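Now for the letters of each chain:
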Amino acid sequence: MFSLVNYQYLFTSLKNLPIYMRNGFVLAFGTAIVQVLVSSLAGYAFARMQSRFRDVILYSILVSLFVPRGGSLMALYELMNFLHLHNSIFGLILLCSSTVTVLSFIMRQTFRSLPKEIEECALIHGANWLQVFSRIAMPMAAGGTVVIAMPSLIGVWSDSLITYTLVDRDTQMTISVGVRKLLVICQGAVSPRFRGQFAQEAADSTMLLVAALPVIIFHAVFQRWMMKGLMERAVKL
């Protein structure tokens, strides 16, 4: 028998769902924009910068991948408190945007696959490096930006460990933390209004489906550009 009682239970139990969704969108898209901008600038510098220390700096940054992020949660918590960014979406955006090591490497490979002659021609005609980067290199590397933006969006949207650690206020939590909170609190504590109408496992699945729905829609909309960017990298690299 078809029934929407699970969704009724979700929206009744999770009254702050619109706030959680809004915070999740702001955090995910804000982080993605900052990461794309920073990793593109870093990748372009590593691809075009002429210096004997270029590769040394790049590989030194890549070494940071071996440091587990979960092991530094206490230090991150103290740092955010010291900077007065605790319980702040802006602070979460800055923190989540700091993980651009792999993204910078991907953009470096993307820019290295582009022909340098076009950029040199623009420089000869009077363009500066910022104009070459923004008007020539970035449009040509659009596929690469989509490739790094999608994992960034999905990773931040689905992450609950960092947000759950650094956010205490209910009005600053994201959808992943809100669903996790509800899954923990509501186990065996079903409202009398819904008691006996559904299984708790079905309600939990409904919560997870609603939390994953924006990611599914985002994949469906941008999968063509994602595949295009991946295929460009496969052919050129």
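Up top is the structure.
Residues numbered from 1 in each chain as written. Predicted model: local features only at pLDDT ≥ 70, side-chain atom pairs only at ≥ 80, totals over all residues. Heavy atoms only, no water.

A word on the overall build of the protein
1) Next: Of regular secondary structure, the protein possesses 12 helices and 0 strands.
2) Next: The order of helices and strands in the protein, counted from the N terminus, is α-α-α-α-α-α-α-α-α-α-α-α.
3) Next: Buried residues in the protein amount to 43% of all 237 residues.
4) Next: Summarising the internal contacts of the protein: among those between residues at least 6 apart in sequence, 80% fall at separations of at least 24.
5) Next: For the protein, the exposed area adds up to about 13600 Å²; of that, 68% sits on carbon and sulfur atoms. (Helix = DSSP H or I, 4+ residues; strand = E, 2+ residues; numbered from the N terminus. Buried < 20%, exposed > 50% of the residue type's maximum accessible area, 1.4 Å probe, protein only. Contact = heavy atoms within 4.5 Å. Areas by Shrake-Rupley, 256 points an atom, 1.4 Å probe, with all protein chains shown as cover.)

Observations concerning the environment of Ala137
1) Next: Tracing the backbone through its elements, the reader meets Ala137 in helix α8 (residues 129-140).
2) Next: Considering only alpha carbons, one finds Ala137 and Glu119, 18 residues apart in sequence, at a separation of 7.6 Å.
3) Next: Ala137 has contacts with Tyr44, Phe111, Leu114, Glu119 and Val132, leaving out every residue within four places of it along the chain.

Let's talk about the environment of Leu166
1) Next: With respect to the secondary-structure elements, Leu166 resides in helix α10 (residues 161-166).
2) Next: Distance in space between the C-alpha atoms of Leu166 and Leu92 is 8.0 Å, their sequence separation being 74 residues.
3) Next: The contact partners of Leu166, leaving out residues within four places of it in the chain, are Leu76, Tyr77, Met80, His86, Asn87, Leu92 and Leu95.

Quick notes on the packing of aromatic side chains
1) Next: Within the structure shown, the criterion is met by 6 aromatic pairs.
2) Next: One aromatic cluster is present, formed by Tyr44, Phe111, Trp129 and Phe133 through successive ring pairs. (Phe/Tyr/Trp six-rings, centres within 6.5 Å; stacked < 30°, edge-to-face > 60°.)

A few points about unusual backbone geometry
1) Next: One non-glycine residue, His84, lies in the positive phi region at around 60°.
2) Next: Note on placement: His84 falls in the loop between α4 (73-82) and α5 (89-96).
3) Next: At Asn87, a position not held by glycine, the phi torsion is positive, near 60°.
4) Next: Locating Asn87 in the fold gives a position in the loop between α4 and α5.

With respect to the pattern of salt bridges
1) Next: Tallying each qualifying case throughout the model produces 1 salt bridge.
2) Next: Between Glu119 and Arg48 there is a salt bridge, with the nearest N and O atoms lying 3.0 Å from each other. Residue Glu119 is located in helix α7 (residues 116-124), and its partner Arg48 is located in helix α2 (residues 17-48); the two are separated by 71 residues in the primary sequence. (Salt bridge = Lys/Arg side-chain N within 4 Å of Asp/Glu carboxyl O.)

Some words on helix α6 (residues 101-112)
1) Next: Given a rise of 1.5 Å per residue, 12 residues ought to cover 16 Å, and the 17 Å separating the end C-alpha atoms of α6 matches this to within 8%.
2) Next: When we look at burial in α6, the residues that qualify are Thr101, Leu103, Ser104, Met107, Arg108, Gln109, Thr110 and Phe111. (Expected span 1.5 Å × (residues − 1).)

Regarding the nonpolar core
1) Next: Leu27, Leu92, Trp157, Ile162, Leu166 and Ile175 are the most contacted members of the largest nonpolar core, which totals 31 residues.
2) Next: If you list the elements that add at least two residues to this core, you get α2, α4, α5, α9 (142-158), α10, α11 (175-185) and α12 (200-236).
3) Next: At 6 residues, the largest contribution of residues to this core is made by α2.
4) Next: In this structure, Ala47, Ala122, Ala137 and Ile148 belong to the second largest nonpolar core, which totals 15 residues. (Core = buried A, V, L, I, M, F, W, Y, C linked by side-chain atoms within 4.5 Å.)

Topic: α9
1) Next: Taking 1.5 Å per residue, 17 residues should reach 24 Å; α9 reaches 25 Å between its end C-alpha atoms and fits that length.
2) Next: Counted residue by residue, α9 has 12 buried out of 17 residues, so it is predominantly covered.
3) Next: Every buried residue of α9 is listed here: Gly143, Gly144, Thr145, Val146, Val147, Ile148, Ala149, Met150, Ser152, Leu153, Val156 and Trp157.

Examining the side chain of Ser39
1) Next: Within the fold, Ser39 resides in helix α2.
2) Next: A residue is classified by how much of its surface remains accessible, and Ser39, at 0% relative accessible area, is buried.
3) Next: Looking at Ser39, its side chain comes within polar contact range of the main-chain oxygen of Gln35, at 2.5 Å.
4) Next: Side-chain polar atoms of Ser39 contact the backbone oxygen of Val36, separated by 3.3 Å.
5) Next: Beyond its immediate stretch of four places on either side in the chain, Ser39 contacts Val100, Leu103, Ser104, Met107 and Ile148. (Polar contact = N/O pair within 3.5 Å; in protein donor to acceptor, adjacent residues only side chain to side chain.)

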